[in-house]
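# Secondary and tertiary structure notes
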Amino acid sequence: MSVHEEQPFEAAIEGSLLGSGWLAGNPAHYNRQLGLDTSGLFIFIGATQKLDWEKLCAYHGGQPEAQRHFAQYLAKQIDERGPLDVLRRGVKDKGVLIRLAYFKPAHAITDDALKLYRANRLTVTRQLAYSTSNNNTLDLVLFVNGIPLATAELKNPLTGQTVEDAKKQYRETRDPKELLFARRILVHFAVDPDLVFVTTKLAGDKTRFLPFNTGSDGPGASGGAGNPPAGPSGYRSSYLWEQIWHPDTWMDLARRFLHTDKESKALIFPRYHQWHAVTQLTDHAARNGSGHNYLVMHSAGSGKSNTIAWLAHRLSSLHTAPALDDDARAKGLHPNEPVFDKVIIITDRVVLDRQLQDTVFQFEHVPGVVQRIDKDSAQLAAALQGETAKVVITTMQKFPYILNQVQGLRGKQFAVIVDEAHSSQSGDSAAALKKVLLKLGSDDVDESGDLLTASALARGRHETLSYFAFTATPKPKTLELFGTPHPVTGNPQPFHTYSMRQAIDEGFILDVLRNYLTYKSYWKLANANPDDPEVDPKKAGAQLARFASLHPTMQAQKAEIIVEHFRKHTAPRLGNRAKAMVVTSSREAAVRLHTAIKKYVEMQDYVGCDSLVAFSGDLEVDGVEHTEARSNGFSEGELPERFAYTAADDKHAGTPKAKQPTEYRILVVAEKYQTGFDQPLLTTMYVDKLLKNVAAVQTLSRLNRTHPLKAQGDVFVLDFVNEAGDIAEHFKPYFETAATTPTDPNLLYTAQNAVTAYPVLVNSEMQAYVDALLAAEQKATSDTALQRAHGALYRFTEPAVQRINALAADDPEAADTFRSALRDYTRMYAFLSQVVPYHDEDLERLYLYGRALLNRLPRRQDPSVDIGEVQLTHLRVSKTGEHDASLSPEGEQMLPGFLGGAAGGQRDLEKVVLSELIDAFNDRFGIGLGESDKVWVEQQIVALAEDGTLEAAAMVNDESNFGVVCDKRIEDVILSRHDDNGKLMQRYLDDESLRSQLNQFARRQAYQMIRRRKGIA
């Protein structure tokens, strides 16, 4: 037999399994009609449940009849309940409970506790003939106590076949209707020496295999798809049989991981990185106890919700290891004791609650183990004190209000899982969470009972709290709060990584940088003011850029580009289901661009381009009040579902029975739906906003979701503002893995000195405030009472407010610098006190008092800049390139460490005359513009202002009466200049809405221009 054939590979795997505790199965013992290895089944029952089995034998008239009856009854139970439920809960026959498996207890105090667990019979059977209609065989089948749970097809590339041939074999030669595949096996493995793929359901040529590989750099590291070079076994894929198929792991997977998704009814088998992350996290906590922080940097597409569910369930019953090292014992840890009393999940995602409830119930089969806090702080307090709920799901915002509702938490240990951890977890809400869980003022926080010391101590790390933080895009603060110090450099880094690179390589997300189109807006302005005022260049520059960006002609051109691109490139994709998002820089920009898109679609009489707009609050644009609900015609809460609707999936579309009358394909957003919005049908994003750092990654990642109809070529980004290379740079830290440098603890003392250098703060006043604050927090019995107490405490800051007012009158710049220094200090302390164990009362006092004082300090007036009347004279929006901005592997990326605020006070920049500033802008943004780029609307305004009839009317009328004359004259002026821009003129004449908008804009501009020329305000 050649060593290059499959049999040696198969034998090597079997040999490894037999060496780890598996037994060799006999194909002849497999009952094809029942789908069971009856020999293994009854050996297990006889060895573990002798007395119960004798009862059944008595019922059925002897051993042979009892075996025949029970095997048939068990097969029927598996058909009805599935093999997982039968393994976990057993079956009752004639009132006798027969267990089909024993799982390892959470703790093993004595060897007897493991006796039944060790009696499980795990058998591996080679070349199993499984069918009642043919003699096809499977390379490997894995049984637990006679129940088949997994199959494997093995291929050796040295024979010319790979894992792809194994997939093909499952798809083409394995009938999904066979008993073994339809109602027995949980998971199928396609394996070769290099790669592993899995599926939990055979469906012919529609069978979907998922990669089950460690990653090219090994598990938990920042590699791509595949596996690292082979180890001693000689096979890259040896982790499958050495780790995953190890008896302890295999039984744990059946007990704690495999479950059925309630909505899709699909069986969920963990991907390798999910299993590895949960295992590594729980192993570390079991060996080291509570008091450690962990950062899990898992990309979108990693299956984070399931990972959190498995981790939460595992932590809720986790015990310390049976054998502990000297360091663990020195910390007071003892073997086989619970590590955590409660698991608390901090998240805003309701879907995670439902998923956890369903998943954990399948494991525990006990209701109430998972509880979501959806009412008030009293509900949260009850859940933390009660015995039933092991996993509590809530939001960070609820913790500050329950300090005095929680009793009996002293000495309790908590695991806190933070979903999408960011630096917001470092502020007062996080400190309040710690105070609640540690019970402010109890002996384990502050032996002296001093409230100020307790307040300071509550901010740092604690031996009774462990944080497990999940994010795909950690900021430097996140890394420092939750990261693990590198053993050599000390730089904070993730505890476990599943990289964006690997997720893309494995096909779980799409690469949003592959098709990146860039456009650039070229424009020129003219100063139409009769004088040339001096202006602050920074503020006036922002106004000039905003004027150009929001100009009706600019909006109209971008709307035309968006709609035409959408119709040509996006609309037909995904079977006419594809959708697009337009990201704008402000609420006003969103309203104006959405309006421009709608008008262009209406003017062209296009169908299939209906749009929605998303923004918060209300705002006035051109004298009209706008809200999201008013613009869309339905409430904000309905938008995700309305936008998700597709006519292609509605058999009644276009009829009165349709699920909704309109299909929306384009969504225009301003600071909404740019994070956390999961819509797989999004294929295109139009970006009209400057994007940087994490915001760039989170925003563009709305496109990376996969869909059965969606391929890499369907994804487009069309960017009006950013350069493709700049966006790629922003993605780099999150493509593989990120690290940062630790903060210098003395930065906070530097910031403290910057505040106390001014003659404003008095220690005795600060102490009086802090004493009253902490006492009020202890006495408050409700949310309202606590808020009233805080409001009453502002009187303690009155002397400092008077001193800062006096300083502002004498030296405004000094007062402003003090305010900035105090603001920087409070921000720094809120973060650094979570990382560095200062335990410094002076720092805590200044922080608590400084927060209150900042709310009372008068702000220095920020004079606005009036740029007067400015005209957009030239405009061209042109495509500048089509880019593949995809990233190449470069390894770990360093994020800049925390350097503090040091913003300083406001300072006045040297002013420049407006015309010079406009010239500078024109030089920058007006490169290459000529006569053909002149803005048609502005040409008409100048023509109107130079018209003698209108000039006379403007001199003697207000603007409203002037409009009566102007509106009659506008069309004559436009028609007399029709050669300047025939295309836009035709739009003006054909589109009544556009004509009305431009008339209003033109007469206002012309009226003001005429009167300024004549020196009339």
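On a predicted model such as this, the values are computed, not experimentally measured, just so you know.

## Looking at the sheet that holds strand β29 (residues 666-669)
The seven strands lie next to each other as β26-β29-β25-β30-β31-β23-β33, forming an open sheet whose pairing is mixed. Among the strands making up the open sheet, the edge pair consists of β26 (611-614) and β33 (870-883). Neighbouring strand axes in the sheet, compared pairwise and without regard to direction, differ in orientation by 15 degrees on average. Here six bridges tie strand β25 (residues 579-584) to strand β30 (residues 682-688), and the two strands are oriented parallel to one another. Residue pairing across strands places M581 opposite M685, the latter belonging to β30. Here helix α26 (residues 693-700) sits on the sheet in contact with β23 (516-527), β25, β30 and β31 (716-719), set at roughly 145 degrees to β30.

## Some thoughts on the sheet that holds strand β11 (residues 210-211)
Overall, mixed pairing links the seven strands, which are arranged β1-β6-β7-β8-β9-β10-β11 in an open sheet. Strand pairing shows two members of the sheet lacking a second neighbour, β1 (23-24) and β11, which therefore form its edges.

## With respect to unusual backbone geometry
Positive phi outside glycine occurs at L574, with the angle close to 55 degrees. The residue L574 is located in helix α22 (residues 573-576) in this model. In this structure, N576 takes a positive phi of about 65 degrees despite not being glycine. Positionally, N576 belongs in helix α22. Take N576: its relative accessible area is 46%, and that puts it in the partly exposed class.

## Side note on the pairing of β23
The pairing of β23 with β31 spans three bridges and is classified as parallel. Residue pairing in the sheet places L517 in a bridge with L718 of β31. When β23 meets β33, the two strands line up antiparallel, connected through twelve bridges. For A526, the partnering residue across the bridge sits in β33 and is Q871.

## Structural notes on helix α21 (residues 552-570)
Taking 1.5 Å per residue as the helical rise, α21 with its 19 residues ought to reach 27 Å, and the 25 Å between its terminal C-alpha atoms agrees with that figure. Inspection of α21 places T553, M554, Q555, A556, K558, A559, I561, I562, V563, H565, F566 and T570 among the buried residues, and these make up the whole buried set.

## What about the pairing of β25?
If a strand is regular, its side chains alternate between the two faces of the sheet. Summarising burial for β25: six of the six residues are buried, a large majority. Neither face of β25 is left uncovered, since the one carrying K579, M581 and V583 and the one carrying A580, V582 and T584 both have all their residues buried. Two elements, β25 and β29, share four bridges in a ladder whose sense is parallel. Looking at β29, one finds that M581 is bridged to L667.

## Considerations on the nonpolar core
Formed by 106 residues in total, the largest nonpolar core has its most connected members in L667 and L700. The element contributing the most residues to this core is helix α32 (residues 812-835), with twelve residues. Excluding its chain neighbours within four sequence positions, the residues that come into contact with L667 are A580, M581, V582, L612, V613, A614, L639, F643, Y673 and F677. Counting residues in hydrophobic clusters, the runner-up holds 92 residues, among them L41, I45, A101 and L142.

## Structural notes on the confidence of the model for the protein
Averaged over all residues, the pLDDT of the protein equals 87, while 87% of them reach at least 70. Low pLDDT (under 50) marks residues 440-449, which in the prediction has 18 contacts with non-local residues, meaning those over four places away or in another chain. The model gives residues 902-906 a pLDDT under 50, and that stretch makes twelve contacts with residues more than four places away or in other chains.

## Points about the pattern of salt bridges
In total, this model carries 34 salt bridges according to the counting rule given. Between D79 and R184 there is a salt bridge, with the nearest N and O atoms lying 2.7 Å from each other. Linking D79 in helix α4 (residues 63-81) with R184 in the loop between α8 (179-183) and β9 (187-191), this pair joins segments that are 105 residues apart in sequence. Among the salt bridges present, the one from R705 reaches D678, with a minimum N-O distance of 3.3 Å.

## What to know about the packing of α21 against helix α23 (residues 587-604)
Where α21 contacts α23, the axes come no closer than 8 Å and their chain directions differ by 60 degrees. The orientation of α21 with respect to α23, classified from their angle, is oblique. Crossing hand, α21 versus α23: right-handed. Of α23, the residues touching α21 (which contributes Q555, A556, K558, A559, E560, I562, V563 and E564) are A589, R592, L593, A596, I597, Y600 and V601. Split by residue class, the contact of α21 with α23 holds ten nonpolar, one polar and four charged.

## A closer look at the environment of G301
When you line up the elements, G301 lands in the loop between β14 (293-298) and α12 (304-316). For the pair formed by G301 and Y498, sequence separation is 197 residues and the distance between their alpha carbons is 9.6 Å.

Here is what the cut-offs are and how they apply
Residues numbered from 1 in each chain as written. Predicted model: local features only at pLDDT ≥ 70, side-chain atom pairs only at ≥ 80, totals over all residues. Heavy atoms only, no water. Pairing = 2+ DSSP bridges. Helix = DSSP H or I, 4+ residues; strand = E, 2+ residues; numbered from the N terminus. Axes fitted to C-alpha atoms, helices over the stretch in contact; angles between N-to-C directions. Contact = heavy atoms within 4.5 Å. Buried < 20%, exposed > 50% of the residue type's maximum accessible area, 1.4 Å probe, protein only. Expected span 1.5 Å × (residues − 1). Core = buried A, V, L, I, M, F, W, Y, C linked by side-chain atoms within 4.5 Å. pLDDT = per-residue confidence, 0-100. Salt bridge = Lys/Arg side-chain N within 4 Å of Asp/Glu carboxyl O. Parallel < 35°, antiparallel > 145°, perpendicular 65-115°, else oblique. Left-handed = near helix turned anticlockwise from the far one by under 90°. Nonpolar A, V, L, I, M, F, W, Y, C, P; charged D, E, K, R; others polar.

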